[in-house]
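Inside the fold
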Amino acid sequence: MRTLTTTEEFHELAAHKPVVFMFTAGWCPDCRVIDPIMPDIESSFSDFTFVSVDRDNFIDLCIEKDIYGIPSFLAYTNGNEAGRFVSKDRKTQEEIEAFLTNLPK
């Protein structure tokens, strides 16, 4: 999974690719629980580019996109928000895969 480096990169990726942004933080225990399953999820949903967004480095972007709980997922296709799986709750592999399965491509 690539790591977001700038807000401009976020907007560029969202405008031109099917992309899933995973909002996370190094101190988040629920984020660390799903880290080991993300490579399997990425390979199963290879139509999407997956990008990790450290909420502490991009707090203004989180506010702009109404991301207040982590881990959270925000997906874009064709420049439009395609879906969001946003909450403060721990997410299971099955829940993440169900969210991704229902996204338009």
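Whatever comes next refers back to the structure up there.
Report on the accompanying structure.

Definitions and cut-offs
Residues numbered from 1 in each chain as written. Predicted model: local features only at pLDDT ≥ 70, side-chain atom pairs only at ≥ 80, totals over all residues. Heavy atoms only, no water. Disulfide = S-S within 2.5 Å. Phe/Tyr/Trp six-rings, centres within 6.5 Å; stacked < 30°, edge-to-face > 60°. Helix = DSSP H or I, 4+ residues; strand = E, 2+ residues; numbered from the N terminus. Lys NZ or Arg CZ within 6 Å of the ring centre and 35° of its normal. Buried < 20%, exposed > 50% of the residue type's maximum accessible area, 1.4 Å probe, protein only. Arc of directions from axis to C-beta. Contact = heavy atoms within 4.5 Å. Core = buried A, V, L, I, M, F, W, Y, C linked by side-chain atoms within 4.5 Å. Patch = residues over 30% accessible without salt bridge, like charges linked within 9 Å, V, L, I, M, F, W, Y side chains within 5 Å. Areas by Shrake-Rupley, 256 points an atom, 1.4 Å probe, with all protein chains shown as cover. Salt bridge = Lys/Arg side-chain N within 4 Å of Asp/Glu carboxyl O.

Side note on the state of the cysteines
- Per the counting criterion, the structure on display carries one disulfide.
- In this model, Cys28 is linked to Cys31 through a disulfide, with the two sulfur atoms separated by 2.5 Å. Taking the torsion about the sulfur-sulfur bond, which here is approximately 80 degrees, the covalent link between Cys28 and Cys31 counts as right-handed.

Concerning the packing of aromatic side chains
- On inspection of all chains with the given rule, the structure shows six aromatic pairs.
- With 6.1 Å between their ring centres and 80 degrees between their planes, Phe21 and Tyr76 make a pair best called edge-to-face. Of this pair, Phe21 sits in strand β2 (residues 19-24) while Tyr76 sits in strand β4 (residues 72-77); the two residues are 55 residues apart in sequence, bridging distant segments of the chain.
- Here the aromatic cluster, defined as three or more aromatic residues joined through ring pairs, consists of Phe10, Phe21 and Tyr76.
- One Lys or Arg, Lys91, reaches over the ring of Phe85 and ends 5.2 Å from the middle of that ring.

Some thoughts on helix α5 (residues 93-101)
- Listing the buried residues of α5 in full gives Ile96, Phe99 and Leu100. Seen end-on, α5 carries its buried residues on one side only, within an arc spanning 95 degrees. Across from the buried face of α5, at angles greater than 90 degrees, the exposed residues are Glu94 and Thr101.
- Buried-residue contacts for α5 involve β2, α2 (29-34), α3 (38-44), β3 (49-54), β4 and β5 (80-85).

Describing the nonpolar core
- One finds Leu4, Phe10, Phe21, Phe23, Val53 and Tyr76 to be the most contacted residues of the largest nonpolar core, which totals 19 residues.
- Elements supplying a minimum of two residues to this core: α1 (7-16), β2, β3, α4 (59-64) and β4.
- Setting aside anything within four residues of it in sequence, one finds Phe10 in contact with Leu4, Phe21, Phe23, Leu61, Lys65, Leu74 and Tyr76.

Thoughts on the environment of Gln93
- Turning to its location among the elements, Gln93 is positioned in helix α5.
- If near-sequence neighbours (up to four positions away) are discounted, Gln93 is found in contact with Ile37, Asp40 and Ile41.

A few points about a nonpolar patch on the surface
- Where nonpolar side chains cluster on the molecular surface, the patch consists of Ile59, Ile63 and Tyr68 and spans about 320 Å² of accessible area.
- Of note, Ile59 is situated in helix α4.

Some thoughts on the pattern of salt bridges
- Taken as a whole and assessed by the stated rule, the structure comprises six salt bridges.
- For Arg32, the salt bridge goes to Asp35, with nearest N and O atoms at 2.7 Å.
- We classify Asp35 as partly exposed; its relative accessible area is 29%.
- Across the pair Lys65 and Glu64 runs a salt bridge, and its minimum N-O distance is 3.6 Å.

Brief notes about the environment of Val19
- Considering the arrangement of structural elements, one finds Val19 in strand β2.
- Overall, the relative accessible area of 0% leaves Val19 in the buried class.
- Residues contacting Val19, with those up to four places away along its chain left out, are Leu13, Ala14, Phe48, Thr49, Val51, Leu74, Ala75 and Tyr76.

Interpretation in functional terms is not warranted from these geometric data alone.
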